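# A closer look at the structure
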Amino acid sequence: MGNGDSWVRYWRDGGRDLEAMHAHFHDHVYAPHSHDTYSFGITDLGAQAFRCRGAHHTSGAGMVMAFNPDEVHDGQAAAELGYQYRIVHIGPSVVRATLGDAAGDGSAGTMPLFVRPVLTDPVLTGALARLHEALVHGCGDLAREELLTATVLALAERGATRAPRKQTLEGAAQRQAARRAHALLNELFLEPISANDLALEAGCSRFALYRAFRTEFGMAPSDYQRLLRLRRARRLLAGGLLPADAAASAGFSDQAHFNRWFKRAYGITPAVYQRAAR
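Remember, predicted model here, so these are calculated numbers, not experimental data.

Computed from the structure, the largest pocket encloses a volume of approximately 1,100 Å³. Along the wall of the largest pocket there are 47 residues; nearest its centre are Cys139, Ala143, Glu146, Leu147 and Ser222. Every element with two or more residues in the lining of the largest pocket is listed here: α2 (122-137), α3 (141-159), α5 (195-202), α6 (206-217), α7 (221-238) and α9 (255-266). Of the residues that constitute the lining of the largest pocket, the class distribution is 21 nonpolar, 10 polar and 16 charged. In this structure, the second largest pocket occupies an estimated 200 Å³ of space. Lining the second largest pocket are 15 residues, and of these Tyr30, His33, His35, Tyr85 and Ile87 lie nearest its centre. Elements represented by at least two residues in the lining of the second largest pocket include exactly β2 (18-25), β3 (30-33), β4 (38-52), β6 (64-67), β7 (73-77) and β8 (83-90). Element by element, the count of residues in the lining of the second largest pocket is highest for β8, at 3 residues. The class makeup of the residues in the lining of the second largest pocket is 8 nonpolar, 5 polar and 2 charged.

Right under this line is the structure:
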């Protein structure tokens, strides 16, 4: 792995072909290799040099590296301080399913081909960073699926040879789909509802529902689910339940996650709110 400055953190979704890694290397040199996935990396610090498609490339801070499946590349530091980067590996089956859902007919058409190994695009950097954080830190299923869809579509739109097809709803169909999903979330917000569950209830694709829900209610389905859980937690805190117990009873994965979102929503921590409520 190199000298003592090097470290690697790794995460894998056992149910789907999704992996994430966060690493810092100083003198480690990657031998030529490839992945059977699409691989997208963000260089956070320093710079990484690599050879791919018969040419030399350099990815500096804020840039995105894009590798197609089975595309051979190597890698090493291109700066004295080494390089720190995050990378997400997304299996072709996941990309195909996401693009097929967005098209509304289950057909992904031609799979995306990324012709530039290095992309300078703040939108892509932001989308990948949010997806990486969701994968590594274990946000809820619904939020993770929304971020995965947003990232795959952004990459295909802005970095690939052909933009994806998208299904959209309008008028009464849009309102009906959004309200059906809204009602299901109101009923089952404590349950691990997936994007597929909501789309099935709404009678449309996951992508079309997401667009419809945001248009109708001003936020993503995962944001609304979290809001309902925060409201429940407030009631529990006001009733005297300890913050850790309120977090668990309101469906949050851990207290740190609960504290972070409670303060974002209400400006104070759960403990401060509880003292004020008493």
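Our focus in this paragraph is the pairing of strand β5 (residues 55-60). Here 6 bridges tie β4 to β5, and the two strands are oriented antiparallel to one another. If you follow Cys52 over to β5, its bridge partner there is Ala55. Taken together, β4 and the strand that follows it, β5, pair antiparallel across an intervening segment of 2 residues, in which Arg53 is found at a positive phi of about 60°.

With that out of the way, let us pick up the environment of Glu133. Examined against the element boundaries, Glu133 turns out to sit in helix α2. Residue class for Glu133 comes out partly exposed when judged on its relative accessible area of 47%. Along the backbone, Glu133 and His257 are 124 residues apart, and their C-alpha atoms lie at a distance of 12 Å.

Reading the values: the criteria
- Residues numbered from 1 in each chain as written.
- Predicted model: local features only at pLDDT ≥ 70, side-chain atom pairs only at ≥ 80, totals over all residues.
- Heavy atoms only, no water.
- 1 Å grid on protein atoms, 1.4 Å probe; cavity = no way out; pocket = protein on both sides within 12 Å on 5 of 7 lines; lining within 4 Å.
- Points joined across faces, edges and corners; volume = space filled by probe spheres on them.
- Helix = DSSP H or I, 4+ residues; strand = E, 2+ residues; numbered from the N terminus.
- Nonpolar A, V, L, I, M, F, W, Y, C, P; charged D, E, K, R; others polar.
- Pairing = 2+ DSSP bridges.
- Buried < 20%, exposed > 50% of the residue type's maximum accessible area, 1.4 Å probe, protein only.

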